[in-house]
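Structural overview
Chain by chain, the residues:
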Amino acid sequence: MNSTFPYKAIVAVSQNGVIGKNGDLPWRLPGDLKWFKKITMGHIVLMGRKTWESLPFALPGRKNWVLSRSGNPQEGMDIIRSTDEILPKLQAGEQIFVIGGGEIYAHCLSKCNEIYITEVLQTIQGGDAFFPDYKQDFEPIETLDENEDFILRRWSRKS
Ligand SMILES: NC(=O)c1ccc[n+]([C@@H]2O[C@H](COP(=O)([O-])OP(=O)(O)OC[C@H]3O[C@@H](n4cnc5c(N)ncnc54)[C@H](OP(=O)(O)O)[C@@H]3O)[C@@H](O)[C@H]2O)c1
């Protein structure tokens, strides 16, 4: 993995930019979750405290790093108080996947060189977490899956 650019993001976004509603994902897409597992397995997953709280347990086979200014450490995760702590904590060759939610994407997307974006073919009303604008800075370079529920593409930072 590329240690010069250790950050990538992965997200599922509705047609109207929604990523979350009432503290959870607004959809159930097992096919997308399989891709999420395959892409992130073995790497560091960096998430916000609210996304951590939406999970039933730590994501297995991955280091779960949770950004929180005031939360307490829990089993299966490491608390990160500030993004300044991340690079000194990183071991050679490790890859970080920024996995959300909205606040963390907004804070960390500028550090990412690639984004795996699942375009969910739904429009969600009443969403309360959103993905920031990315199309000015990133371009699609690969389509990994396309079906009646979603399209998964890999986007790379424009040179
Ligand atoms: N569709 C997707 O791909 C996807 C992926 C992930 C999550 N989601 C959804 O997104 C929603 C959650 O997103 P959210 O924006 O509400 O919350 P979030 O980004 O998951 O977490 C926000 C929390 O992270 C901590 N934080 C934020 N910035 C920080 C910083 N710079 N340094 C240290 N800590 C920081 C704070 O925790 P403290 O308050 O503890 O300080 C803050 O309250 C849920 O609905 C979830 O299901 C969707």
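The sections below set out a description of the structure shown in this document. (Residues numbered from 1 in each chain as written. Predicted model: local features only at pLDDT ≥ 70, side-chain atom pairs only at ≥ 80, totals over all residues.)

Regarding the sheet that holds strand β10 (residues 150-157)
In any sheet, the strands associate via hydrogen bonds between backbone groups, in a parallel or an antiparallel arrangement. For clarity, the threshold we go by: Paired strands are those between which DSSP finds at least two bridges. Secondary structure follows DSSP: runs of H or I at least 4 residues long count as helices, runs of E at least 2 residues long count as strands, and numbering of each begins at the N terminus. Helix axes use the C-alpha atoms of the stretch in contact, all axes being lines fitted to C-alpha atoms, and the angles between their N-to-C directions lie in the range 0 to 180 degrees. We call two residues in contact whenever the C-beta atoms placed from their backbones are within 7 Å.
In space, the eight strands of this open sheet follow the order β5-β4-β3-β6-β1-β7-β10-β9, with mixed pairing throughout. The open sheet has two edge strands, β5 (77-80) and β9 (138-146), and neither has a second partner. Between one strand axis and the next, the sheet turns through 25° on average, direction left out of account. Docked against the sheet, helix α1 (residues 30-40) engages β1 (7-13), β3 (44-48), β6 (96-98), β7 (114-120), β9 and β10, running at close to 175° with respect to β1.

Structural notes on the environment of Asp 145
By the element assignment, Asp 145 lies in strand β9. Each C-alpha atom, one on Asp 145 and one on Ile 80, is 33 Å from the other, the two residues being 65 residues apart in sequence. When sequence neighbours within four positions are dropped, the list of residues in contact with Asp 145 reads Trp 35 and Leu 152.

Things to note about the site of the ligand
For the record, the criterion: Defining nearness, a residue is near a molecule or strand when the C-beta atom obtained from its backbone falls within 6 Å of it. Classification used: nonpolar for Ala, Val, Leu, Ile, Met, Phe, Trp, Tyr, Cys and Pro, charged for Asp, Glu, Lys and Arg, polar for all others including Gly.
Close to the ligand lie 28 residues; Gly 20, Gly 48, Gly 100, Gly 101 and Gly 102 are nearest. Elements represented by at least two residues in the shell around the ligand include exactly β1, β2 (18-20), β3, α2 (49-54) and α4 (102-108). The residue inventory of the shell around the ligand, partitioned by class, reads nine nonpolar, 14 polar and five charged.

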